[in-house]
Amino acid sequence: MNAFTRRLLPTLIPMLLTACAAGMPKPLPHPLPVVAPPAPVEDVTVSPKMMRPAQQADFWSGMRDSFAMPGCEADPQVLAWARTYTKMPNRFEQQVNEVLPLIVYAHKAAMKHSVAGEFALLPWVESQYRHVPGQKNRPAGMWQIMPQTARTLGLRVEKNYDERLDITKSTESVMNMMRRYYDDLGDWRLVDVAYNAGEFGLKKTIDRHGGPSDDDGLPDVPMKANTKEHLVKLMAIACIVRDPGRFNVSLPRQDGDDALQVVKVSTPQSLAQAAKQSGLSMNDLRGFNPAFRTTSGTVSASLLLPKSAADQYKLGPVDPVADPADPIVDELTTAQAPAKGKKARTSKDTAVAKAKTTSRSKSKSAAADEPLVVHKVNNGESLWSIARRHQVSVEQLMKWNDLQTQAVKPGQVLKLTASR
């Protein structure tokens, strides 16, 4: 090995070692386990005992969801009327409680016809849900339907029977008309204007001046002052329902016993027989069926009854009863006929007056610190009407008084609370 080779050897050896190391294959890393994609979850049947019971739906919440008009801020007049309605909060709450079954029934009809929920409150503006009897060419019923409009709607207006006062038929007809108005006008505010002022007159106004320029406030369409006020009042009562706390009121809860039901009548029967079979007094029966303008009328198709009375009616016929002596136009209609310049006094007004008397008696009993609150049944009262006025259920009254049926007699004393 010559001297030149010996000098290069120390340099070549490290280079050869490095080249050999670079040419060696690197060890492969351990392969990752392959994870299969999760299988889709099938429907799982949950044991009923694991599920929470469904909460009772809040009627007022559902009504708010069905509103379609502008709210409380639509116009200062809306708020002003809302405050006027609720100036006496307790009185307002009592008024709403008295007519709540009718509000619920009207709202159900509105939803059936896809009508804005505000129109279930329209009878508050028209009549405060009173079944006002028509006199000559005057409007009648809680919807205040004129005779000419009744004929257009196909409602019978006769001496002894007036379907404008029939809660079921008049409500169905009005809601059907409201839907037709909306299909023609496309604005729920204008639907109320048409109801108050007339459809054809409103259409002429729109043809002449054009429709509303916006959807936020009151429609800027020429209209009479009383027509504008009618719309403002409807929006005001809806405003209170939207935000009752704003007006220091609490809306009453719906009681299942008060829910109104249409009951089919299989065999024609007298009103007196129907009243006995349902456990209602004649006054209460006709309060739910005010189209009958005499107590000697005959029921041949259906009746409108609160649930508790409907349940009893469905149990079947009872012993026959004699028809009460009754003039052609009964005393209720005569008493309700308004004198010139005065409002009609209706069965609802009478019920309110009785409720006030009962309330005063109840207050005196509480003041005397009596151990038990009682009520003496008056003429014309039924278990249902007593339960409603004292805000208890029919079932509670039957339980507290050991009653087997809903029949009560004048002079009978009922406990209004559980025995201590």
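Source: prediction; values computed, not measured.

Asker: Outline the pattern of salt bridges, supporting the account with residue identities and numerical values.
Answerer: Side chains that differ in charge, positive against negative, can pair when their charged atoms come close. As enumerated under the stated definition, the model contains 15 salt bridges in all. The closest approach of N and O atoms between Arg246 and Glu73, which form a salt bridge, is 2.9 Å. One end of the pair, Arg246, is in the loop between α10 (225-242) and β1 (260-264); the other, Glu73, is in the loop between α2 (59-65) and α3 (76-85), and 173 residues separate them in sequence. Each of Arg156, Glu158, Glu163 and Lys169 takes part in a single network of salt bridges with overlapping partners.

Asker: Just give me the short version of the nonpolar core, but keep the residues and values in it.
Answerer: Counting residues in hydrophobic clusters, the biggest one holds 101 residues, and the most contacted among them are Ile103, Phe119 and Leu121. Looking at this core, the element that brings in the most residues is helix α4 (residues 89-112), giving 11 residues. In this structure, Ile103 is in contact with Phe59, Trp60, Met63, Val96, Ala120, Leu121 and Tyr129, ignoring residues within four places of it in sequence.

Asker: Quick one: what's the story with the environment of Pro76, residue by residue and with numbers?
Answerer: Following the sequence through the fold, Pro76 ends up in helix α3. Pro76 sits in the exposed class, given a relative accessible area of 65%. In the structure, Pro76 is positioned 141 residues away from Gly217 in sequence and 9.8 Å away in space, judged by C-alpha atoms.

Asker: Can you lay out the pairing of strand β4 (residues 302-306) for me, pointing to particular residues and giving the numbers?
Answerer: Most of β4 sits out of view: four of its five residues are buried. As defined by bridge partners, β1 adjoins β4 across five bridges and the pair is classed as antiparallel. Among the inter-strand pairings, Val262 is bridged to a residue of β4, identified as Leu304.

Asker: An account of the packing of α3 against α10 is requested, with residue identities and associated values reported.
Answerer: The N-to-C vectors of α3 and α10 enclose an angle of 65°; their axes lie 8 Å apart at closest approach. Between α3 and α10 lies a crossing of right-handed hand. Residues Gln77, Val78, Leu79, Trp81, Ala82 and Tyr85 of α3 form the contact with α10, whose own contacting residues are Lys228, Glu229, Val232, Lys233, Met235, Ala236, Ile237, Cys239 and Ile240. Tallied by class, the residues present in the contact of α3 with α10 amount to 11 nonpolar, one polar and three charged.

Asker: So what's going on with α3? Residues and values would help.
Answerer: Among all positions in α3, only Val78, Leu79, Ala82 and Tyr85 are buried. Taken down its axis, α3 places every buried residue within 120° of arc, on the same side. The residue sitting at the N-terminus of α3 and contributing the capping side-chain oxygen is Asp75; that oxygen lies 2.9 Å from the backbone nitrogen of Gln77.

Asker: I'd like to hear about the state of the cysteines, residue by residue, with values.
Answerer: By the definition in use, this model includes one disulfide. A sulfur-sulfur separation of 2.1 Å characterises the disulfide bridge that pairs Cys72 with Cys239. When the S-S torsion is 110°, as for the bridge of Cys72 with Cys239, the disulfide is right-handed. Here Cys72, found in the loop between α2 and α3, pairs with Cys239, found in helix α10; they are 167 residues apart in sequence, far enough to count as distant. Both residues of the pair, Cys72 and Cys239, belong to the buried class.

Asker: With reference to specific residues and values, describe the packing of helix α8 (residues 188-197) against helix α9 (residues 199-209).
Answerer: The geometry of α8 relative to α9 is characterised by a closest axis approach of 7 Å and an angle of 125° between their N-to-C directions. Considering their axes alone, α8 and α9 lie oblique with respect to each other. In this structure, α8 uses Leu190, Val193 and Ala194 to contact α9, whose residues at the interface are Glu199, Leu202 and Ile206. By residue class, the composition of the contact of α8 with α9 is five nonpolar, no polar and one charged.

Basis of the calculations
- Residues numbered from 1 in each chain as written.
- Predicted model: local features only at pLDDT ≥ 70, side-chain atom pairs only at ≥ 80, totals over all residues.
- Heavy atoms only, no water.
- Salt bridge = Lys/Arg side-chain N within 4 Å of Asp/Glu carboxyl O.
- Helix = DSSP H or I, 4+ residues; strand = E, 2+ residues; numbered from the N terminus.
- Core = buried A, V, L, I, M, F, W, Y, C linked by side-chain atoms within 4.5 Å.
- Buried < 20%, exposed > 50% of the residue type's maximum accessible area, 1.4 Å probe, protein only.
- Contact = heavy atoms within 4.5 Å.
- Pairing = 2+ DSSP bridges.
- Axes fitted to C-alpha atoms, helices over the stretch in contact; angles between N-to-C directions.
- Left-handed = near helix turned anticlockwise from the far one by under 90°.
- Nonpolar A, V, L, I, M, F, W, Y, C, P; charged D, E, K, R; others polar.
- Arc of directions from axis to C-beta.
- Polar contact = N/O pair within 3.5 Å; in protein donor to acceptor, adjacent residues only side chain to side chain.
- Disulfide = S-S within 2.5 Å.
- Parallel < 35°, antiparallel > 145°, perpendicular 65-115°, else oblique.

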